[in-house]
Amino acid sequence: MIHARNARPHPTLETDHGDDWRDEARCLRADPELFVPPGSSWQGHEYQEAAAKAYCALCPSVAPCLAWALEVGDEWAVLGDTNPNERRAIKRKEARASA
Ligand code: SF4
């Protein structure tokens, strides 16, 4: 999956979104640790997050990756060009829209 089928941070769960998108993931060729920046108090957090998002920005799998990340509720990694706070905001917005 995201990433490499057996690599973190991207698990290898099958999802309703299918699995083929993982084969096209740009992060298959990246260090998985790049996508899991240390805590936000770490001085390089923003830089590392931006570097991870730079991979996502050019990834053909960004849409299904984001859908998957929203589905599984990952709390740590940059996935689908979003960090966990951004995904929580998306989920809150979706919840408000469906209320
Ligand atoms: S959008 Fe980012 S995290 Fe998702 S598969 Fe692509 S490079 Fe990996």
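The structure presented is a predicted model; accordingly, all values stated were derived computationally and were not measured.

1. Overview of the overall build of the protein chain
Scanning the protein chain for helices and strands turns up three helices and zero strands. Going residue by residue from the N terminus, the α and β elements of the protein chain occur as α-α-α. Taken over 99 residues, the protein chain has a buried fraction of 25%. Once local pairs closer than 6 in sequence are excluded, the contacts in the protein chain between residues at least 24 apart make up 50%.

2. Description of unusual backbone geometry
Phi at Asp81 is positive, roughly 65°, even though this residue is not glycine. Mapped onto the elements, Asp81 comes out in the loop between helix 2 (62–72) and helix 3 (84–98). Classification of Asp81 as partly exposed rests on a count of 19 C-beta atoms within 10 Å.

3. A look at the environment of Ala52
Within the secondary structure layout, Ala52 lies in helix 1 (residues 45–57). According to the C-beta neighbour criterion, Ala52 is buried, with 24 such atoms within 10 Å. Here the alpha-carbon distance between Ala52 and Ala77, two residues 25 residues apart in the chain, equals 9.3 Å.

4. Regarding helix 2
Residues three or four positions apart in an α-helix share a direction because the helix packs 3.6 residues into each turn. Within the sequence span of helix 2, burial applies to Pro64, Cys65, Trp68 and Ala69. For helix 2, the buried positions fall inside an angular range of 140° around the axis, keeping them on one side. Downstream of helix 2 by a residue or two, Gly73 has a phi angle that is positive, lying close to 70°.

5. Overview of the nonpolar core
By size, the foremost hydrophobic cluster in this structure holds 13 residues, and its most contacted members are Ala25, Phe35, Cys65, Val78 and Leu79. Of all the elements in the fold, those that place two or more residues in this core are helix 1 and helix 2. Considering every element that reaches this core, the biggest residue donor is helix 2, with three residues.

Cut-off values and rules
Residues numbered from 1 in each chain as written. Predicted model: local features only at pLDDT ≥ 70, side-chain atom pairs only at ≥ 80, totals over all residues. Helix = DSSP H or I, 4+ residues; strand = E, 2+ residues; numbered from the N terminus. Buried ≥ 20, exposed ≤ 12 C-beta atoms within 10 Å, placed from the backbone. Contact = placed C-beta atoms within 7 Å. Arc of directions from axis to C-beta. Core = buried A, V, L, I, M, F, W, Y, C linked by C-beta atoms within 7 Å.

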